[in-house]
Amino acid sequence: MVTPALFERYPTPAALAAARQEEVEEIIKSTGFFRNKAKSLIAMATALVDLHGGGVPEDMDALVKLPGVGRKTANVVLGNVFGRNEGIVVDTHVGRLSRRLGLATDDDPVKVESTLMPLFPQAQWTMLAHLLIEHGRQICDAKKPRCGDCVLADICPSAEV
Ligand code: SF4
């Protein structure tokens, strides 16, 4: 929701790299942790300009070296911008559903990702994360999972139906 205003104000990495932190904070403050995020955004944009000619690198190693970028964000960019299934996005929904469905036991997102990767065809990794996230938002809520409405209830070890 904040990106239209953010990208309108700073349409290029160079523009964002030159931004005043307070201005970025004002635009993104509804997202929470906005001071750290604003700092990371400016530092990330600076790194894109200084190290990558103002473009976004297409490989995991370079992406995770950018300020504020971990494997989750790198996987979002690789899968959705560049069409590369190098890993699986593990956010709070993917982690929770993986544990509830009995696919993973760890809390650590990187370990969950390693556990999921051999279980699904690589070509489907980006879509897998989208589907789990949507299912987590619509049906398998963190506090109140709607097991009675869930198409996975027959095979889910956590089903309460
Ligand atoms: S059956 Fe319940 S716990 Fe299992 S995935 Fe569906 S909503 Fe979640």
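Everything here concerns the structure above.
Residues numbered from 1 in each chain as written. Predicted model: local features only at pLDDT ≥ 70, side-chain atom pairs only at ≥ 80, totals over all residues. Heavy atoms only, no water.

Under the definition given, this model contains 10 salt bridges. Linking Lys29 and Glu26 is a salt bridge whose minimum nitrogen-to-oxygen distance equals 2.8 Å. Three or more residues are tied together by salt bridges with common partners; here these are Arg9, Arg20, Glu22 and Glu23. (Salt bridge = Lys/Arg side-chain N within 4 Å of Asp/Glu carboxyl O.)

What follows concerns the packing of helix α7 (residues 92–100) against helix α9 (residues 125–138). Running from N to C, α7 and α9 cross one another at 85°; their axes reach a closest spacing of 8 Å. Looking at the two axes, α7 sits roughly perpendicular to α9. Residues His93, Val94, Arg96 and Leu97 of α7 pack against Ala129, Leu132, Ile133, His135, Gly136 and Arg137 of α9. Residue composition of the contact of α7 with α9, by class: 5 nonpolar, 3 polar and 2 charged. (Axes fitted to C-alpha atoms, helices over the stretch in contact; angles between N-to-C directions. Helix = DSSP H or I, 4+ residues; strand = E, 2+ residues; numbered from the N terminus. Parallel < 35°, antiparallel > 145°, perpendicular 65-115°, else oblique. Contact = heavy atoms within 4.5 Å. Nonpolar A, V, L, I, M, F, W, Y, C, P; charged D, E, K, R; others polar.)

All quantities given are derived from atomic positions and should not be read as evidence of function.
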